[in-house]
Every structure is written in structure tokens, then in C-alpha cells.
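For reference, the chains in residue letters:
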Amino acid sequence: MTEVLREPRQDRSRATRQRLLEAAIECLAEVGWSGSTVSVVAERAGVSRGAAQHHFPTREDLFTSAVEYVASERLAVLRSRSVDLPAGPDRTRAVVGMVELMYTGPLFRAAIHLWVAASSDERLRESVVQLEERVGRETHRTALELLGVDESRVGVRAAVQATLDMARGLGLANLLTDDSKRRQRVLDQWSTMLAEALHAEP
């Protein structure tokens, strides 16, 4: 009987945690760090402040966990789509487009607010630096998998990292104005150059 009761409770706990993480990203993307308190997130998630603090004792825990959780979910979705990618140069452009989406949506907007807050908050900065290192490694690894390239080849690692850095910069440019037309031209040109670099004869 105890086992029967325990499982639904664990399911409810996981569901509550997930609602809090998703609500935290929505709040951070919409109202920024200053407006995203634990109480605001808890209300949006439909749980009490006490329940929120049970899962995440501090505000920093909540928001860094939220960014990491959503980033991991997005990367898992990207990996699941790898079987549908075309071969050759078309694959490179498709992957660059997938990377672009990571840096033009609510998750990236939320992460920017977290970075800005961390720049003047030493405790938060330590957590965010560690978070970005983990997410950065996973994003780089996923890009390599999607592109189907060998990182040990000369120039591959730098080319993939340059792609991620460029996509992040284009995402920043898109925060204030719709930069989609220029961004697509840049990405088209970059994809051609990247395909040539990744598949050049050693």
C-alpha cells in the first residue's frame, strides 16, 4: 500500500518541479530578473511559495536550475531530430538553422536577464558561470553530433565553436529589433563556408 501511495506523490513532486522551472523561464523572459521573484513564479506555476522553496531553497537555485533544465530539454529535442537531417551541405545549413533557434527564443532571452543580473551579484555570478560552462559543453557536443563531424580533425572544434558564438551574437542583435532578414543572409553565407571547412580534404 505504501508503494502505491508513494509513486503518485513522487509524480506530483516531479510535476510541481517542472511547472516551477517552466514558469521561471517565462517570468525571466517576460519581466526580467527584478520582476521575477519566487512568489511571482510560484503564483504562475499554481503552487504555494512554500512548495516552491521546498524544491528550490533560494532564488538563485530556482533560476539557474530553470535555465539548465530548459536548455537540456531543447538539446534533447535537437538530438531527436538528427535522424531527419539531410546529408552533405544541406545538413550543415539545417544544423545552423537549429542552432539559430536556440538563440532567438524565450530561453535565450531568459538567460540574458540572468547574465545581466549576475554581472553585479557575486553569488549569482558564480552559479551562472558554472551553469554556462555546463550548457556550453553540452551545446558544443550536440552541434558536433548533429553535424556528424569528428572534433579531432584540425579546425573542426574551432569552426563549430565559432558557429555557436556567431549564433549567440545574432541572437543578441535580435533582442531589440527584428533582425531576421539580415540574420538569414549571414547564416546562409556562414553555412556555405562552414560546410567547406568541415568537409575539406585533410
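Presented here is an overview of the structure given in this document. (Residues numbered from 1 in each chain as written. Predicted model: local features only at pLDDT ≥ 70, side-chain atom pairs only at ≥ 80, totals over all residues. Heavy atoms only, no water.)

Thoughts on the overall build of the protein chain
The line we're drawing: Counting from the N terminus, the helices are the DSSP runs of H or I reaching at least four residues and the strands are the DSSP runs of E reaching at least two. Think of it in three bands: residues with accessible area under 20% of the maximum for their type are buried, residues over 50% are exposed, and the middle band is partly exposed, with areas taken using a 1.4 Å probe on protein chains only.
Within the protein chain, the regular secondary structure consists of nine helices and zero strands. Ordered by position in the sequence, the α and β elements of the protein chain form the string α-α-α-α-α-α-α-α-α. By its C-alpha atoms, the protein chain is 60 × 45 × 30 Å across when sized along the principal axes. Buried residues in the protein chain amount to 39% of all 202 residues.

Looking at the environment of Leu-175
The condition is simple: By definition in these notes, contact holds between two residues if any of their heavy atoms fall within 4.5 Å.
With respect to the element layout, Leu-175 can be found in the loop between helix 8 (156–173) and helix 9 (180–198). Through-space distance from the C-alpha of Leu-175 to that of Phe-108 is 9.4 Å; in sequence the pair is 67 residues apart. Non-local contacts of Leu-175, meaning those with residues more than four positions away in its chain, are made with Arg-109 and Ile-112.

Focus on helix 5 (residues 89–102)
The following threshold applies: By definition here, a helix of n residues has an expected span of 1.5 Å times n minus one.
Along its 14 residues, helix 5 runs 21 Å from first to last C-alpha, staying within 8% of the 20 Å computed at 1.5 Å per residue. Buried residues along helix 5 sit against helix 4 (59–80), helix 6 (106–118), helix 7 (122–147), helix 8 and helix 9.

Things to note about the pattern of salt bridges
Condition: Just to be clear on terms, a salt bridge is a Lys or Arg side-chain nitrogen sitting within 4 Å of an Asp or Glu carboxyl oxygen.
Taken as a whole and assessed by the stated rule, the structure comprises 12 salt bridges. Here Arg-141 makes a salt bridge to Glu-138, at a shortest N to O gap of 2.0 Å. Of the two residues, Arg-141 and Glu-138 both sit in helix 7, three residues apart, roughly one turn of that helix. Among the ionic pairs, Arg-168 bridges to Asp-165, the shortest N-O distance being 3.0 Å. Here Arg-168 and its partner Asp-165 are both found in helix 8, three residues apart, which amounts to about one turn of the helix.

Some words on the packing of helix 6 against helix 8
So the rule is basically this: Axis definition: a line fitted to C-alpha atoms, limited for helices to the stretch in contact. Angles are taken between N-to-C directions and run from 0 to 180 degrees. Here roughly perpendicular refers to angles of 65 to 115 degrees, roughly parallel to angles under 35, roughly antiparallel to angles over 145, and oblique to all remaining angles. Asp, Glu, Lys and Arg are counted as charged, while Ala, Val, Leu, Ile, Met, Phe, Trp, Tyr, Cys and Pro are counted as nonpolar; the rest, among them Gly, fall into the polar class.
Taken N-terminus to C-terminus, the directions of helix 6 and helix 8 make an angle of 85°; their axes are 11 Å apart at the nearest point. When the axes of helix 6 and helix 8 are compared, the pair comes out roughly perpendicular. Residues Phe-108, Ile-112 and Trp-115 of helix 6 form the contact with helix 8, whose participating residues are Arg-168, Gly-171 and Leu-172. Split into classes, the residues belonging to the contact of helix 6 with helix 8 amount to four nonpolar, one polar and one charged.

By themselves, these are just geometric observations and shouldn't be taken as functional.
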